[in-house]
Amino acid sequence: MQIGIVGLGKMGGNISVRLTRHGHDVVLFDRDPEVVSKVGARAEAGKTKPATGLKDMVGKLTADRKIIWLMLPAGEVTEAAVKELGGLLGKNDILIDGGNSFYKDDIRRAAELAKKGIHYVDVGTSGGVWGLERGYCMMYGGTKDATDHIDPILRALAPGLGDVPRTPGRDKPGMDPRAELGYLHCGPAGSGHFVKMVHNGIEYGIMQAFAEGFDVMKSKNSTALPEDQRFELNMPDIAEVWRRGSVVSSWLLDLSAQALANNPDLSNYKGDVADSGEGRWTIEAAIEEAVPVPVITASLFTRFRSRTGNNYAEKMLSAMRFGFGGHIEGTNN
């Protein structure tokens, strides 16, 4: 298939390259022409074309149904791109937002574009900087017509079955086989980003628990404790042994182990932990639904506090965020 990708940052560029590896043709656009050139050089030969702007991109998409995927920061940048493309795309064309937009914005945009016959699909995309090789877990919302049409693109980006053991009991009717491949149609527009939003809220809580636990162990040699109760614990070795058969083994633990192996004191991190919006939105949704989420709320508030002074736990959080997403301290990127 042919698709246009707008925004070629850490994830947008890798998404483009992965699609070309699976035989898809990609029209590339980024506000920085040098980035377009670099992504094109990494892609499969002959499978990309550069575009100088959104209008130029639409003109270079020659399929009967034009498909454009936005990989831009949530907020005004995405809003402006959706508005401009709403005036350039035609009936039955498909506009995809693969960033982390607020799900209520998706609902509004889908309704506005539907008046012009344009389909809007929101794709919550997880995989960070590792997605090029590992694939992306995707949760998406939109009409069945549009999501069925772009299925070859989503299947190419998804991780597939891989070596993850199959879940017993999934041979029952009503279970979507695509979930086993790492992508899932969640419902109407907005539902994909809603599920991804909650996913990120849970991520906050898991990361906080790991960070606090390692901080407790790191502090076990404190002079405030009786001498016979002090332990000098090896953080890299503990992270490594937990990776091997422990009930808390996970990708986040893998990333923690890697960070600790490289620098046990994590002195290369300040511990200034940003939040990119999804944690706040998850808590707002919980308030609207009257659902208690004390763990997610506490983890968000801890990120606020980290910006006024840091401890070992917050350096762990920074290390994990950099590990899975390349997030730089002091920014929302």
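Residues numbered from 1 in each chain as written. Predicted model: local features only at pLDDT ≥ 70, side-chain atom pairs only at ≥ 80, totals over all residues. Heavy atoms only, no water.

Caption draft 1: Representation of the overall build of the chain in the model. The number of helices and strands found in the chain is 15 helices and eight strands. The C-alpha radius of gyration computed for the chain amounts to 22 Å, which stays within 12% of the reference 20 Å derived for 333 residues, consistent with globular compactness. Here the C-alpha coordinates of the chain stretch approximately 75 × 45 × 40 Å along the principal axes. Looking at the 333 residues of the chain, the share that counts as buried comes to 49%. In the chain, once contacts between residues fewer than 6 apart in sequence are set aside, the share between residues at least 24 apart is 68%. Carbon and sulfur atoms form 57% of the exposed surface of the chain, whose accessible area is close to 16,100 Å². In the chain, 39 side chains carry a positive charge and 42 a negative one; their mean positions are 3 Å apart. (Helix = DSSP H or I, 4+ residues; strand = E, 2+ residues; numbered from the N terminus. Rg over C-alpha atoms; globule rule 2.2 N^0.38 Å. Buried < 20%, exposed > 50% of the residue type's maximum accessible area, 1.4 Å probe, protein only. Contact = heavy atoms within 4.5 Å. Areas by Shrake-Rupley, 256 points an atom, 1.4 Å probe, with all protein chains shown as cover. Lys, Arg positive; Asp, Glu negative; His and termini not counted. Charge placed at Lys NZ, Arg CZ, Asp CG, Glu CD.)

Caption draft 2: Examining the layout of surface pockets more closely. If you add up the space inside the second largest pocket, you get close to 160 Å³. Glu 79, Val 82, Lys 83, Gly 86, Arg 108, Arg 109, Glu 112, Leu 113 and Lys 116 together form the lining of the second largest pocket. For the lining of the second largest pocket, the secondary-structure elements that each account for two or more residues are helix 4 (76-86) and helix 5 (103-114). Tallied by class, the residues present in the lining of the second largest pocket amount to two nonpolar, one polar and six charged. (1 Å grid on protein atoms, 1.4 Å probe; cavity = no way out; pocket = protein on both sides within 12 Å on 5 of 7 lines; lining within 4 Å. Points joined across faces, edges and corners; volume = space filled by probe spheres on them. Nonpolar A, V, L, I, M, F, W, Y, C, P; charged D, E, K, R; others polar.)

Caption draft 3: Here's a closer look at helix 5. Under the 1.5 Å per step criterion, the end-to-end length of helix 5 is 16 Å for twelve residues, consistent within 8% with the ideal 16 Å. Of the surrounding secondary structure, the elements contacted by the buried residues of helix 5 are helix 4, strand 5 (94-97), strand 6 (119-126), helix 10 (191-218) and helix 13 (278-289). (Expected span 1.5 Å × (residues − 1).)

Caption draft 4: Highlighting the pairing of strand 6. Among the eight residues of strand 6, eight are classified as buried, and the element is accordingly described as predominantly covered. Pairing between strand 5 and strand 6: four bridges, direction parallel. Paired with Ile 96 across the two strands is Val 121, which belongs to strand 6. For the crossover from strand 5 across helix 5 to strand 6, the handedness is right-handed. One ladder, built from five bridges, connects strand 6 with strand 7 (residues 137-141); its direction is antiparallel. Opposite Thr 125, over in strand 7, you have Met 138 as the bridge partner. (Pairing = 2+ DSSP bridges. Right-handed = clockwise from strand over helix to strand, strands pointing away.)

Caption draft 5: Spatial organisation of the sheet that holds strand 3 (residues 48-50). On the basis of which strands lie adjacent, the open sheet formed by eight strands has the order 3-2-1-4-5-6-7-8 and mixed pairing. Taken across any chain shown, the strands that pair with only one partner, and hence form the sheet edges, are strand 3 and strand 8 (183-187). Shown here is a sheet whose adjacent strand axes are inclined to one another by a mean of 25 degrees, direction ignored. Of the pairings in the sheet, the one linking strand 2 (residues 25-29) to strand 3 comprises three bridges and is parallel in character. Its bridge partner being in strand 3, Val 26 is matched across the sheet by Thr 48. Sitting on the sheet, helix 1 (residues 10-21) is in contact with strand 1 (2-6), strand 2, strand 3, strand 4 (67-70) and strand 6, with an inclination near 165 degrees to strand 1. Along the sheet, helix 10 contacts strand 5, strand 6, strand 7 and strand 8; its crossing angle with strand 6, the most-contacted strand, is approximately 20 degrees. (Axes fitted to C-alpha atoms, helices over the stretch in contact; angles between N-to-C directions.)

Caption draft 6: Geometry of the pattern of salt bridges. Inspection of the entire model under this criterion finds 24 salt bridges. Ionic pairing is found between Arg 166 and Glu 180, a salt bridge with its closest N-O pair at 2.6 Å. Taken together, the positions of Arg 166 in the loop between helix 8 (151-157) and helix 9 (178-181) and Glu 180 in helix 9 put the pair 14 residues apart, joining distant regions of the chain. Between Glu 314 and Arg 305 there is a salt bridge whose closest N-O contact spans 2.3 Å. Sharing partners across several salt bridges, the network here consists of Glu 79, Asp 97, Asp 105, Asp 106, Arg 108, Arg 109 and Glu 112. (Salt bridge = Lys/Arg side-chain N within 4 Å of Asp/Glu carboxyl O.)

Caption draft 7: Structural view of the side chain of Asp 151. Here Asp 151 lies in helix 8. By relative accessible area, which is 16% here, Asp 151 ends up buried. For Asp 151, the residues in contact, after removing those within four places along its chain, are Tyr 140, Arg 178 and Tyr 183.

Caption draft 8: Quick peek at the nonpolar core. Residues Leu 19, Trp 69 and Met 138 are the most contacted members of the largest nonpolar core, which totals 31 residues. Counting residues in each nonpolar core, the second largest holds 24 residues, with Met 207, Phe 210, Ala 239 and Met 316 among its members. (Core = buried A, V, L, I, M, F, W, Y, C linked by side-chain atoms within 4.5 Å.)

Caption draft 9: Layout of the packing of helix 10 against helix 13. As a packed pair, helix 10 and helix 13 sit with axes 8 Å apart at the nearest point and diverge in direction by 105 degrees. Compared by their axis directions, helix 10 and helix 13 come out roughly perpendicular. Contact with helix 10, carried on its side by Phe 194, Met 197, Val 198, Asn 200, Gly 201 and Tyr 204, involves Glu 278, Gly 279, Trp 281, Thr 282, Ala 285 and Glu 289 of helix 13 and no other residues of that element. (Parallel < 35°, antiparallel > 145°, perpendicular 65-115°, else oblique.)

Caption draft 10: Here's a closer look at the packing of aromatic side chains. Taken as a whole, this structure holds eight aromatic pairs when the rule is applied. Plain terms: the ring middles of Phe 102 and Tyr 103 are 5.2 Å apart, the flat faces sit at 70 degrees to each other, and that makes the pair edge-to-face. Taking relative accessible area as the criterion, Phe 102 reaches 18% and is therefore assigned buried. Plain terms: the ring middles of Trp 130 and Trp 251 are 6.5 Å apart, the flat faces sit at 85 degrees to each other, and that makes the pair edge-to-face. Of this pair, Trp 130 sits in the loop between strand 6 and helix 6 (131-134) while Trp 251 sits in helix 12 (residues 251-262), placing them 121 residues apart in sequence. When its relative accessible area of 26% is taken as the criterion, Trp 251 is described as partly exposed. By way of ring pairs, the aromatic residues Phe 102, Tyr 103, Phe 194 and Trp 281 are connected into one cluster. Over the aromatic face of Phe 231 sits the side chain of Lys 220, whose NZ or CZ is 5.4 Å from the ring centroid. When the ring centre of Tyr 204 is taken as origin, the NZ or CZ atom of Arg 303, which lies over that ring, is 3.7 Å away. (Phe/Tyr/Trp six-rings, centres within 6.5 Å; stacked < 30°, edge-to-face > 60°. Lys NZ or Arg CZ within 6 Å of the ring centre and 35° of its normal.)

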